[in-house]
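The residues making up each chain are set out below.
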Amino acid sequence: MLMSLSGIIFGVSFFVITQAQTSGFQEYFIKTILGTNGAIRISDRFQDMEGTVRKLSQNGNNIYKFQDRESTKYVEGIDYPDKIRNALAAIPSVNGISEIFEDNAILLTKSKRQSIQFHGIKILNHLLASDLKAQIVQGSISNFLSDKMGIIIGNRIAERLNLKVNDRVNIVGKLENFQLRVSGIFESGISDIDKKRCYISLPTARSLSGKRFGGSIFQVGITAPEKAPQIAAQIQGTISHRAVSWQEREKVWLDVFKALRISSAITVSSILLLSGLGMFNVFAIMVIEKTRDISILRSIGFTRADISSVFLWQGVIVLFLGIIGGIICGVLGTYIVSKIPMKIRGILKSDSFVVNWDYTHYIWAILIASVFVGLATWIPARRAAKIEPAKIIRETL
Amino acid sequence: MINENYPDQPLLRVQNLEHSFAIGEENIHALRGVSFEAKIREVTAIVGPSGCGKSTLLYLLGLLDRPDAGEIMFGNKSVSQASDQVRTELRNKNLGFVFQFHFLIKELTACENVSMPLFKAGIERKEAHKRARSVLEKLGLGDKTERFANKLSGGEQQRVAIARAMINSPSLLLADEPTGNLDSENSKKVFQLLLRFAREENTAVILVTHNPEIADKCDRILRMKDGQIVRN
């Protein structure tokens, strides 16, 4: 029984710790991509040939569904950004709109060159739709604000080109080339972004590419990021521009995290399953050993329910102690894991294990443990309750 | 207590009781139309050769098993086909059972064993222990109340089993060869206890015995053979 109790404690705590880790990395990844690329990106205009966005009504709620893109014609970029901005600003859940002009260029220093993707932004708008301010590791946003020819570069670019804040760097675009001053260096933690992306002012970006109008995209921040798909569909239906939520954009990674969480939950649940099997064995043997005592109790007036409750109570006590012990170990383990140093760069930036303190992990652990222990106790208890005293007494004699 | 106000009326009436059970693949027809009555303050002995159905009859009377046919009446109440709940409650409040091998729970003390029926009846632990000690003292086991059951001698264990059967002041006390494993001195003591209990507590006692001396001292003898009462 002590082994089963230990198994429940370990099972519950490992479940909580692994779920805290996997969901912690997932939440942190989501925070990173929301802070870098926003909740919704609005890009190409399309001509809705057959009305591809359908407004449907289910149980009194309006939902929007994007049905068929085959007959839709796309037009690259946003033609009328001011109109689109005004339309987006009218949506209550939108809390930041940043117009971005994206293109490719080459950064040149005295000795090195690097292909980059520049984002022309209006910095004050962009700060509302991103976490760029928090991602600055050297220099500052105010440097960028005060210098029209400033550039904020990814830390991997800075490392490769050996650039520091206030250094001069040449940028060669499709049409023009300029000399810019490094206002800041950012680190998003997403290596693809940190080694390619630079931020410059929107007019400078347009001049570099020789495109004074159109061709930009919008990065939109919203108050409830989990509702991004619905809001993106609503935006797409309203302004006839392709709107992509972060969930759609990052589906591959989100699926990977989901698979990891489920797989770790199944793996750790096997500890609870084994503990349950152990308990089942203990109770099954106990019922066989105590058959005579059960018959005695039945003969002096104990009901079937009384007999099964003896075993069920033991199961409940073990489960209760296991859950309490498991939760305490889970909390301590999660805290300890969160302090383990581990430098992660690639899809997110972290210097230690990221954990997510979520009560639902504990509820799931309790539920799974309860199901296994409940079954492991209930089956022998039922068998004990079914013992016929006359038969046992007759056989004993 | 059943029939306390009508001492001349039979406490127990058994009519045409039939019962069979299987041992392995063999079906044993243990009782074939058994009928009799028992009154309070009366001690009835059931005698007969081994395998004649004495113990089976006792288990049916003790509501540990159900008859295939026939009727068992406590007072005016038929209990042979009563629900499990009713039978269990009757076992706790109106029946006492003494087994040949005393059937005590060895992990419990004498006092705790005797208290078990009281716990089930909802009496508090302290009160139950007090009453159990009092009964054990009456049976000459006052100094052994806190001994574990398996640390008592055979005679002492049987007296503890009798104390457990008596503790709820049952209307009917059933004893299956209560002296079967005891020496003659202890046998006499145990029988005297049962006799005194029947007289003083208005209880009907039915006991199965192979001991003719004990059977002769009973108020009535039921002789059984091949599942039937051949002499009453």
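Conventions adopted
Residues numbered from 1 in each chain as written. Chains lettered and ligands numbered in written order. Predicted model: local features only at pLDDT ≥ 70, side-chain atom pairs only at ≥ 80, totals over all residues. Domains from an automatic or database assignment. Contact = placed C-beta atoms within 7 Å. Helix = DSSP H or I, 4+ residues; strand = E, 2+ residues; numbered from the N terminus. Nonpolar A, V, L, I, M, F, W, Y, C, P; charged D, E, K, R; others polar. Buried ≥ 20, exposed ≤ 12 C-beta atoms within 10 Å, placed from the backbone. Pairing = 2+ DSSP bridges. Expected span 1.5 Å × (residues − 1). Arc of directions from axis to C-beta. Axes fitted to C-alpha atoms, helices over the stretch in contact; angles between N-to-C directions.

Can you walk me through the domain arrangement of chain B in this structure?
Quoted interface sizes are often the accessible area lost when the parts come together. Residues and elements named next belong to chain B. Along its sequence, chain B is organised into domain 1 (9–94 + 172–232) and domain 2 (103–169). The distance between the C-alpha centroids of domain 1 and domain 2 comes to 23 Å. Each partner contributes residues to the interface: domain 1 has twelve residues there, and domain 2 has 13 residues. When contributions to the side of domain 1 that touches domain 2 are tallied by element, the ones reaching two or more residues are helix 2 (84–93) and helix 6 (184–200). Sort the elements by how many residues they give to the side of domain 1 that touches domain 2 and helix 6 lands first, with five residues. Of the residues contributing to the side of domain 1 that touches domain 2, the split by class is seven nonpolar, three polar and two charged.

Help me understand the interface of chain A and chain B in this model?
The partner chain B presents 20 residues to the 13 residues of chain A that form the contact. Elements represented by at least two residues in the side of chain A that touches chain B include exactly helix 12 (291–299) and helix 15 (389–396) of chain A. Take the side of chain A that touches chain B: its biggest share by element is four residues, from helix 15 of chain A. Among the residues making up the side of chain A that touches chain B, the classes are represented as seven nonpolar, four polar and two charged.

It is not clear to me how the domain arrangement of chain A should be interpreted in this structure. Could you clarify?
By domain assignment, chain A separates into domain 1 (2–30 + 253–396) and domain 2 (38–244). On a C-alpha basis, the centres of domain 1 of chain A and domain 2 of chain A stand 48 Å from each other.

How should I be thinking about the pairing of strand 8 (residues 150–154) of chain A in this particular structure?
Consecutive side chains along a regular strand alternate between the two faces of the sheet. Residue and element names in this part refer to chain A. Burial analysis of strand 8 places five of its five residues in the buried class, which makes it a mostly covered element. Alignment of strand 8 against strand 10 (residues 177–186), held across five bridges, turns out to be parallel. Each bridged residue has a counterpart across the sheet, and for isoleucine 152 the counterpart in strand 10 is glycine 184. Here strand 8 runs beside strand 11 (residues 197–201); their pairing, made up of two bridges, is antiparallel.

Got a minute to help me understand unusual backbone geometry in this structure?
The bulk of non-glycine residues show a negative phi, and the bulk of peptide bonds are trans. All names here are of chain B. For arginine 41, which is not a glycine, the phi torsion comes out positive at approximately 65°. For arginine 41, the location among the structural elements is in the loop between strand 2 (26–38) and strand 3 (43–47). Positive phi, normally seen in glycine, also occurs at asparagine 202, with a value near 55°. Inspection of the secondary structure puts asparagine 202 in the loop between helix 6 and strand 8 (204–208).

Sorry if this is basic, but what is going on with helix 12 of chain A here?
Because each turn of an α-helix spans 3.6 residues, side chains separated by three or four positions in sequence point in the same direction. Along helix 12 of chain A, the residues classified as buried are Ile294, Ser295, Ile296, Leu297, Arg298 and Ser299 of chain A. Two residues or fewer after helix 12 of chain A comes glycine 301 of chain A, characterised by a positive phi angle close to 110°.

Before we go on, may I ask you to explain the sheet that holds strand 1 (residues 12–23) of chain B in this structure?
Each strand in a sheet pairs with its neighbour through backbone hydrogen bonds, running either in the same direction (parallel) or in the opposite one (antiparallel). Residues and elements named next belong to chain B. Taken together, the four strands give an open sheet; going across it, the order is 2-1-4-5, and neighbouring strands pair in antiparallel fashion. Strands with a single pairing partner mark the edges of an open sheet, and in this sheet they are strand 2 and strand 5 (77–78). With two bridges joining them, strand 4 (residues 69–74) and strand 5 adopt antiparallel strand pairing. In the strand pairing of strand 5, methionine 73 is matched with serine 78.

Explain helix 4 (residues 125–138) of chain B to me, please; I cannot follow it from the model alone.
Residue and element names in this part refer to chain B. The terminal C-alpha atoms of helix 4 lie 20 Å apart, and with 14 residues this matches the ideal 20 Å at 1.5 Å per residue to within 8%. What helix 4 keeps buried is the set Ala128, His129, Ala132, Val135 and Leu136. Taken end-on, helix 4 shows its buried residues confined to a sector of 125°, consistent with a single buried face. Exposed side of helix 4, more than 90 degrees from the buried face: Lys126 and Glu127 are the residues found there.

Explain the sheet that holds strand 6 (residues 95–98) of chain B to me, please; I cannot follow it from the model alone.
Residues and elements named next belong to chain B. Pairing is mixed in the open sheet, where six strands are placed in the order 6-7-8-3-9-10. Only two strands of the sheet have a single partner each, and these edge strands are strand 6 and strand 10 (228–231). Adjacent strand axes in the sheet meet at a mean angle of 25°, parallel and antiparallel pairs treated alike. Examined bridge by bridge, strand 3 and strand 9 (residues 220–225) share four bridges and lie parallel to one another. From the neighbouring strand, alanine 45 faces strand 9, where its bridge partner is isoleucine 221. Those strands touched by helix 6 are strand 3, strand 7 (172–176) and strand 8, and its axis lies near 155° from that of strand 8.

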